[in-house]
Amino acid sequence: MTDLNNRVGATPRQQPEQPVGAGRHTEPDRVRPLEHTPVTKGSTTRVRGRLAGAIVANGGVLLIAAVFIIPLLWVILASFNRTAGLTVSIPDHWTLDNFRAVLNTDTTYRPMANGVILCGGAAALTIACATLAGYALSRFKTKYKRPFLLTILFSTGLPITAIMVPVYGLFVQLNLIDTISGTMLFMAATGLPFAIWLMKNFMDSVPLTLEEAAWTDGASRMQTLWYIILPLMWPGISVVAIFTFVGMWGNFFVPFVLLLSPDQLPASVSIYTFFSQYGEVQFGQLASYSLIYSFPVVALFLFLSRKLGGAFAFGGAVKG
Amino acid sequence: MKQAAGRGAPLVPATVLLLVFLFGPILWSIYAAFTNTSLSGAGAAHSQFVGFANFTKAFTSNGFLNSVLLTLFFTLVSAVIGQNALGLSLALWMRRAVAPVRAFGGAVVIGAWVLPEVVAGYLWYAFLAKDGSLNAVLERVGLHPQDWLFSLPILAVSIANIWRGTAFSMLVYTAALSDIPQEIEEAAEVDGATGRQRLFHITLPMIRSSIMTNLMLITLQTLSVFGLIFTMTRGGPGTKSQTLPLYMYEQAFSFGDLGYGTAIAIMLLVVGSVFSLLYLRMLAPETT
């Protein structure tokens, strides 16, 4: 199980206990016996150069982080400030009034519930289809496999934004416009290429021996998938599920185009319509609502990065 | 025969969904782009075939050419230069930074990436607005404040997109750098190569394929950015930050010209497909 966790998209080398490049600080002697030769001019400049490099590196990271954190500070500080404006400032009186003001059915509860239904349903559909497809692509050898995989990979790159106008036209003709179910099906389809791709790669890492034993005992393909593969796969499946859900939760354009009635809108759209409709924007309320809306994805991402052994391991999954 | 059908069965649900909801609209758009389909009026009831009229309209329209230029600027500045260079620098620096700095920097940069795009749009609206934090800082150091979202809207949204997307490049490059055997760089160091020489002659050439892959992916992502710009400027003032997706949206939904909007969608799709095919060519040899 731990092995599978590590394989989720990355090499086991990228463990939090052994961060990237840590070896170079802790055990320099292992691979550089030359440095033990009597002190030469070259080695002192090397040490000096390394020190300068470390200063530049730490300073660079800190500088970028300092610039990047300012907009984040605003949303946190403003949400607890009754008289919040647009500038980052420490509240005179810390208050939960902004949260109280937005925690009602119209502003928060219904859009959040809509988002959970829409994105949860779409992600579940994506995962179910991607698991089946990933299994077939990982285990069976057919002549359709390569073209199918190449089409999937190609589709991961298509700009979904571009097809929203034709999708709208199609939805009007199919009478699917302004329906949660239609939007859910479309979102499930847009999540599929990436989910299938990841799922196939995870399945490839599950050894075949267990399945062969099950086949010998007379289990069918689907029984093997259900009783053997899925229990082994659940870390991988939950990673794909979280990625899919987080992507859908943040998606603004798709529900913005396909859903029209205010009471059907998910949080990603209602935050826009709610705060751009009224002339005088309550910035403190906007900030606290932003926090509430962002909370599920931040929480899921933290969960995921702990599971993956540091957020950095994710990079391997992107590489494919 | 039965065996073959059974093997294809698990692919059926995914294939049906993709055909109906992804490739269906793409095929429909190839038809609709050559018609005068619209939300209201004559084109709504009976759309007619109009040949290449939508495309000629695009190439002779100032609005379209304006948004092509803005899209190029946005993609070049925010993705190819901004996210890419900043992500690579962060990945390189992170290797030498001490653990607390690495953890703090990683949390902030990744935090910016995890937030939903509409929230990112509001955060940057607050930062760059007339009464925003940037002007407050500028005033304190004695510089002249201005409304950045009005004076330099396309630069403002580009910077917001750099903020939002840098983490992706950083993660891709961190993974790529960790695949380089340390012995190689250390051997070069022993041989007296300077930091700059090592970077340009060893490190960068060794992650060349990751750089190409990353450039493709972030270009594709940036081409489809909509929510971020829409919440910050709505494409304005006027059309000064109206990139192609926003132009397409306005033509199709505000002006109701679905046929014309679809023609623009097709052009975006073609550009996206070219990048996607290049990306495929780079990954395909590894795909079995």
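As a reminder, the structure under discussion sits directly above these lines.
Residues numbered from 1 in each chain as written. Chains lettered and ligands numbered in written order. Predicted model: local features only at pLDDT ≥ 70, side-chain atom pairs only at ≥ 80, totals over all residues. Heavy atoms only, no water.

Engineer: What is the right way to look at the interface of chain A and chain B in this model?
Structural biologist: The accessible area lost on association of the parts is a frequent measure of interface size. Chain A puts 109 residues into the contact, and the matching count from chain B is 100 residues. For the pair chain A and chain B, the summed buried surface comes to about 9,500 Å²; carbon and sulfur atoms form 76% of the total. There are zero salt bridges connecting chain A and chain B. In terms of residue count, the dominant contributor to the side of chain A that touches chain B is helix H3 (residues 41-79) of chain A (19 residues). (Contact = heavy atoms within 4.5 Å. Buried area = accessible area lost by both parts, 1.4 Å probe. Salt bridge = Lys/Arg side-chain N within 4 Å of Asp/Glu carboxyl O. Helix = DSSP H or I, 4+ residues; strand = E, 2+ residues; numbered from the N terminus.)

Engineer: I would appreciate a short explanation of helix H2 (residues 12-32) of chain B in the present structure.
Structural biologist: Note on helix geometry: an α-helix contains 3.6 residues per turn, so any two residues three or four positions apart are oriented the same way. When the terminal C-alpha atoms of H2(B) are compared, their 28 Å separation across 21 residues agrees well with the 30 Å that a helix rising 1.5 Å per residue should span. Within the span of H2(B), buried status applies to Ala14(B), Leu17(B), Leu18(B), Phe21(B), Leu22(B), Gly24(B), Pro25(B), Ile26(B), Trp28(B), Ser29(B) and Ala32(B). Looking at the buried side of H2(B), the elements it contacts are helix H5 (105-139), helix H6 (145-156), helix H7 (164-173) and helix H8 (180-204) of chain A together with helix H4 (53-59) and helix H16 (258-283) of chain B. (Expected span 1.5 Å × (residues − 1). Buried < 20%, exposed > 50% of the residue type's maximum accessible area, 1.4 Å probe, protein only.)

Engineer: I'm lost on a nonpolar patch on the surface in this one. Help?
Structural biologist: Side chains of Val12(B), Val16(B), Leu19(B) and Val20(B) sit close together on the surface and give an oily, nonpolar patch of about 330 Å² of accessible area. Inspection of the secondary structure assignment puts Val20(B) in helix H2. (Patch = residues over 30% accessible without salt bridge, like charges linked within 9 Å, V, L, I, M, F, W, Y side chains within 5 Å. Areas by Shrake-Rupley, 256 points an atom, 1.4 Å probe, with all protein chains shown as cover.)

Engineer: Which parts of the structure should I look at to understand the packing of aromatic side chains?
Structural biologist: The description of an aromatic ring pair rests on the distance of the ring centres and on the angle between the ring planes. Going through the model one piece at a time under the given rule, you end up with 33 aromatic pairs over all chains. Measuring from ring centre to ring centre gives 6.1 Å for Phe252(A) and Phe230(B), while their planes differ by 40 degrees; the resulting arrangement is tilted. With one member in each of two chains, Phe252(A) in the loop between helix H10 (221-250) and helix H11 (253-258) and Phe230(B) in helix H14 (residues 227-232) form a pair that bridges those chains. The same class applies to Phe252(A) as to Phe230(B), namely buried. For the pair Phe64(B) and Tyr247(B), a centre-to-centre distance of 6.2 Å together with 55 degrees between the ring planes defines the contact as tilted. With Phe64(B) in helix H5 (residues 62-96) and Tyr247(B) in helix H15 (residues 244-254), this residue pair connects regions lying 183 residues apart in the sequence. With relative accessibility at 3%, the residue Tyr247(B) sits in the buried group. One cation-aromatic arrangement involves Lys57(B) over Tyr260(B); the distance from NZ or CZ to the ring centre is 4.1 Å. (Phe/Tyr/Trp six-rings, centres within 6.5 Å; stacked < 30°, edge-to-face > 60°. Lys NZ or Arg CZ within 6 Å of the ring centre and 35° of its normal.)

Engineer: What's the story with the side chain of Thr107(A) in this structure? I'm lost.
Structural biologist: Residues and elements named next belong to chain A. Here threonine 107 shows up in helix H5. Its relative accessible area of 6% is what places threonine 107 among the buried residues. Ignoring anything within four residues of it in the chain, the contact list for threonine 107 reads Val102, Ser270, Phe274 and Tyr289.

Engineer: Explain the packing of H8(A) against H2(B) here, please?
Structural biologist: When two helices pack together, you describe them by how their axes are tilted relative to each other and by the distance separating the axes. At a closest axis distance of 9 Å, the pairing of H8(A) and H2(B) adopts a crossing angle of 120 degrees. The pairing of H8(A) with H2(B) is recorded here as oblique in orientation. The handedness of the crossing between H8(A) and H2(B) comes out as left-handed. Taken together, the residues of H2(B) that come into contact with H8(A) (itself represented by Gly182(A), Leu185(A), Phe186(A), Ala188(A), Ala189(A), Thr190(A), Leu192(A), Pro193(A) and Ile196(A)) are Ala14(B), Leu17(B), Leu18(B), Phe21(B) and Leu22(B). Grouping the constituent residues of the contact of H8(A) with H2(B) by class yields twelve nonpolar, two polar and no charged. (Axes fitted to C-alpha atoms, helices over the stretch in contact; angles between N-to-C directions. Parallel < 35°, antiparallel > 145°, perpendicular 65-115°, else oblique. Left-handed = near helix turned anticlockwise from the far one by under 90°. Nonpolar A, V, L, I, M, F, W, Y, C, P; charged D, E, K, R; others polar.)

Engineer: Quick question: what am I supposed to make of helix H12 (residues 195-206) of chain B here?
Structural biologist: Residue and element names in this part refer to chain B. The first and last C-alpha atoms of H12 sit 15 Å apart over twelve residues, in line with the 16 Å expected at 1.5 Å per residue. Turning to H12, its buried residues are Arg198, Ile202, Thr203 and Leu204. Among the structural elements, H5, helix H10 (153-178), helix H11 (182-190) and helix H13 (208-223) are those in contact with the buried residues of H12.

Engineer: What exactly am I supposed to notice about the nonpolar core here?
Structural biologist: Looking at soluble globular proteins, one finds that nonpolar side chains tend to be buried together. Ranked by internal contacts, the top residues of the largest apolar core, which has 167 residues, are Trp74(A), Phe186(A), Phe256(A), Ile271(A), Trp163(B) and Met232(B). Looking at which element gives the most residues to this core, the answer is H8(A), with 14 residues. Both domains that furnish three or more residues to this core are identified here as domain 1 (39-95) and domain 2 (100-319) of chain A. In terms of nonpolar packing, the next biggest core, distinct from the first, is built from ten residues, Leu88(B), Tyr173(B), Ala176(B) and Ile211(B) among them. (Core = buried A, V, L, I, M, F, W, Y, C linked by side-chain atoms within 4.5 Å. Domains from an automatic or database assignment.)

Engineer: I'm lost on the pattern of salt bridges in this one. Help?
Structural biologist: In a structure, side chains of opposite charge can pair up when their charged atoms sit close to one another. Residues and elements named next belong to chain A. The final tally for this structure, using the stated rule, is six salt bridges over all chains. Notably, a salt bridge pairs arginine 100 with aspartate 97, separated by 2.8 Å at the nearest N-O pair. Within this pair, arginine 100 and its partner aspartate 97 are both found in helix H4 (residues 97-102), separated by three residues, close to a single helical turn. Its relative accessible area of 56% is what places arginine 100 among the exposed residues. A salt bridge links lysine 200 to aspartate 204, with the nearest nitrogen and oxygen atoms 2.9 Å apart. Of this pair, lysine 200 and aspartate 204 are both found in helix H8, four residues apart, which corresponds to roughly one turn of the helix. Judged by relative accessible area, which is 37%, aspartate 204 ranks as partly exposed. Ionic contacts of the salt-bridge type, sharing partners, join the residues Arg82, Asp97 and Arg100 into one network.

Treat this as a map of the structure, not an account of what it does.
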